[in-house]
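One-letter residues, chain by chain:
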Amino acid sequence: MRVSLTLGLLLAGMALALALVSAIWTPHDIQAMALADKLNPPSPKHWLGTDQFGRDILSMLMVGARTTIAVALVAVGIGMAFGVPLGLWAAAVSGSGLDQAIMRGNDLIFAFPSLVIAILITAVFGPSAINAILAIGIFNIPVFARVTRAGALPLWTLDYVRAARIAGKGAARISLEHLLPNLMNLLIVQGTIQFSLGILAEAGLSYVGLGAQPPTPSWGRMLAEAQTLFAIAPHVAIFPGLAIVLTVLGLNLAGDGLRDALDPRLRRAR
Amino acid sequence: MTRYILRQMLSLILSLVVASLVIFAMIEVIPGDPASFMLGLNARPETIAALRDQMGLNDPLPLRYLHWLGGMLTGDFGTSYTYKVPVADLIADRIVVSLPLALYALVLAMAVAVPVGLLAAVRRGRVPDLATMGVAQVGVALPNFWFAMLLVLVLAVRLRWFPAGGFPGWSDPAAALKALTLPAIALALPQAAILARVLRSALIETLDQDYIRTARAKGLSRSQTILRHAFRNALIPTLTILGMQFSFLLAGAIIIENVFYLPGLGRLTFQAITQRDLIVVESVVMLLVFAVIAVTFLVDLTYALADPRLRRQG
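Residues numbered from 1 in each chain as written. Chains lettered and ligands numbered in written order. Predicted model: local features only at pLDDT ≥ 70, side-chain atom pairs only at ≥ 80, totals over all residues. Heavy atoms only, no water.

1. Section: the confidence of the model for chain B
All names here are of chain B.
Moving on, step 1. Confidence in the prediction for chain B averages 82 pLDDT; 94% of positions are at 70 or higher.
Moving on, step 2. The lowest-confidence element of chain B is helix 13 (residues 308–313), averaging 60 in pLDDT; the highest-confidence one is helix 5 (residues 87–122), averaging 89.
Moving on, step 3. Our summary of model confidence lists the complex with pTM equal to 0.84 and ipTM equal to 0.84. (pLDDT = per-residue confidence, 0-100. Helix = DSSP H or I, 4+ residues; strand = E, 2+ residues; numbered from the N terminus.)

This is the structure in structure tokens:
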């Protein structure tokens, strides 16, 4: 399983590197339109070809990676920022009415078809990258709350947690100082998975026009623009799609690999 | 068992009420007055006021909520602001595309996932397992709308085996199915990948159980053991995932319909969003949420029927 972790980190790292490099350098200027060069297939000058405005697709992909990755990453951040405290809280008062209320609330969000609600949110507040982040982020909250609660519950019965209790520490301090560090593995793995799902979700939302708006490039928007062109110039659709697949694949492989590396008990099961 | 069903029913109804409140509240937040939108820019203030009155927009919020809810319970979803026809008719027109598409995709996903998952589990750790699970990894990472574009490029544009988009209607069932085939494949593949992985790990887990060894020891052949004992037990977790996937399929259908220009619920929703036809958006979203919650409920029930341990807990 080491192979999957290495390959995964390599692929995901590549996407991240492209996004970072694009902040200081891209092969071509994506603002510059060159209509004489429009829809060129890949060539030594434009490695991945050009789009309908003659813009370099590799450069667009690099800048687009920034949007796509930022949206997915911040959405994971939102999910963790709200979900982890909720999960810790529910575990600390497990079995009580409050725990029930938190978990039922989570179930409710789970029951909603996430994309449909994302569509509703963007329909109500207008399409933008920010609203896409919110829409995706909200659905990360119950995921992290569940994982955190499930992970924290068994820890509460451990001796050192009991000792901390007897020593007079409150539930909040115990959760923060003793439970959270032990849940980090779990959260990192779940974070990787949600990150990859977020990239797919951003692509989907942007594709239907509910994510990043022009002129901000994103992988999903590039595919949306390719929609009417791919029959005559397949490369405008193929490369942004490949970028999504490779990044998501990388994150999934890294997530699987990390889970195995961090939790040896699971290795037997595969 | 009856108590379990009642409890589940209660939570089903609670979920629906909360969902309807959320949707209603969100639509309320949207700026813009539907009445002035319907009448256009040159409408006189009195006309707008009269229409607002007629549409019940001047009623207090709780009353409007109850009115909307009551209407939906009796099949009256209101009248579309832009099409000027009952929303129920619009939905009925479009659902004959979206629902068959989602079901078609579900069947395809099962047809691929069950044999693949079985094969991978039985040949665990060997070439068939590694190969199919490698493909499944890629399948999970595929955005279905991009996969749809590739399908169109190869099977419709180059090979001309399938139409690239549009829907001829159900008067010619063969042509209709043909038009839905590429969208269904695009929807089904990523779901098939997930299903195959779940089925494989569920099967591997059951194959390690003592009762499997017992079955083999009492003389059942390997394939009999797998089909009669392991497979049936492994289907239970798979069924849960399948129920969850129904919501992905419905939502996915919304995007896929855009790739293939299919006149389904998804296209209706997007047109309604751009035209600010909020009553249509509201109704379609509520309907989708209802479908998902209802399917989850049914899956829970089947689960309880298949696994008596769950009933006692409930």
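2. Brief notes about unusual backbone geometry
All names here are of chain B.
Moving on, step 1. For Arg 160, which is not glycine, the phi dihedral falls at a positive 60°.
Moving on, step 2. By relative accessible area, Arg 160 is classed as exposed at 66%.
Moving on, step 3. With phi around 50°, Tyr 261 is a residue other than glycine that occupies positive phi space.
Moving on, step 4. For Tyr 261, the position within the fold is in the loop between helix 10 (222–260) and helix 11 (265–274). (Buried < 20%, exposed > 50% of the residue type's maximum accessible area, 1.4 Å probe, protein only.)

3. Here we look at the side chain of A:Thr192
All names here are of chain A.
Moving on, step 1. Checked against the element boundaries, Thr 192 lands in helix 7 (residues 171–207).
Moving on, step 2. What makes Thr 192 buried here is its relative accessible area of 11%.
Moving on, step 3. Polar contacts involving the side chain of Thr 192 include one to the main-chain carbonyl oxygen of Ile 188, which spans 2.7 Å.
Moving on, step 4. Apart from the residues lying within four places of it in its own chain, the contact partners of Thr 192 are Leu 251, Ala 254, Gly 255 and Leu 258. (Polar contact = N/O pair within 3.5 Å; in protein donor to acceptor, adjacent residues only side chain to side chain. Contact = heavy atoms within 4.5 Å.)

4. Looking at the pattern of salt bridges
Moving on, step 1. Scanning the model with the defined rule gives ten salt bridges over all chains in all.
Moving on, step 2. Across the pair A:Lys169 and A:Glu177 runs a salt bridge, and its minimum N-O distance is 2.8 Å.
Moving on, step 3. Relative accessible area serves as the criterion here: at 24%, A:Lys169 is assigned to the partly exposed category.
Moving on, step 4. On the basis of relative accessibility, which here comes to 38%, the residue A:Glu177 falls in the partly exposed class.
Moving on, step 5. When the shortest N-O distance is used, the salt bridge between B:Asp210 and B:Arg213 registers 3.5 Å. (Salt bridge = Lys/Arg side-chain N within 4 Å of Asp/Glu carboxyl O.)

5. Some remarks on a nonpolar patch on the surface
All names here are of chain B.
Moving on, step 1. A surface patch of nonpolar side chains, about 330 Å² in accessible area, is lined by Met 1, Ile 5, Met 9 and Leu 305.
Moving on, step 2. Mapped onto the elements of the fold, Met 9 is located in helix 1 (residues 2–29).
Moving on, step 3. What makes Met 9 partly exposed here is its relative accessible area of 35%. (Patch = residues over 30% accessible without salt bridge, like charges linked within 9 Å, V, L, I, M, F, W, Y side chains within 5 Å. Areas by Shrake-Rupley, 256 points an atom, 1.4 Å probe, with all protein chains shown as cover.)

6. Structural notes on the confidence of the model for chain A
Regions with low pLDDT should not have their predicted coordinates read in detail.
Moving on, step 1. Across chain A, the average pLDDT comes to 83, with 94% of residues at or above 70.
Moving on, step 2. Mean pLDDT values for the elements of chain A range from 73 in helix 4 (residues 114–125) of chain A up to 90 in helix 2 (residues 57–92) of chain A.

7. Observations concerning the interface of chain A and chain B
Moving on, step 1. Listed per partner, the contact involves 41 residues of chain A and 43 residues of chain B.
Moving on, step 2. Both sides of the chain A and chain B interface together cover about 3600 Å² of buried area, and 79% of this is carbon and sulfur.
Moving on, step 3. Three residues, A:Leu120, A:Val124 and A:Phe230, lead the burial of chain A against chain B; their summed loss comes to 15% of the area buried on that side.
Moving on, step 4. At the boundary of chain A with chain B, the tally comes to one salt bridge.
Moving on, step 5. Connecting chain A to chain B are three residue pairs in polar contact (both at pLDDT 80 or more).
Moving on, step 6. Listing elements by their share of the side of chain A that touches chain B, those giving two or more residues are helix 3 (97–111), helix 4, helix 7, helix 8 (219–226) and helix 9 (235–262) of chain A.
Moving on, step 7. The greatest single-element share of the side of chain A that touches chain B, amounting to eleven residues, is contributed by helix 9 of chain A. (Buried area = accessible area lost by both parts, 1.4 Å probe.)

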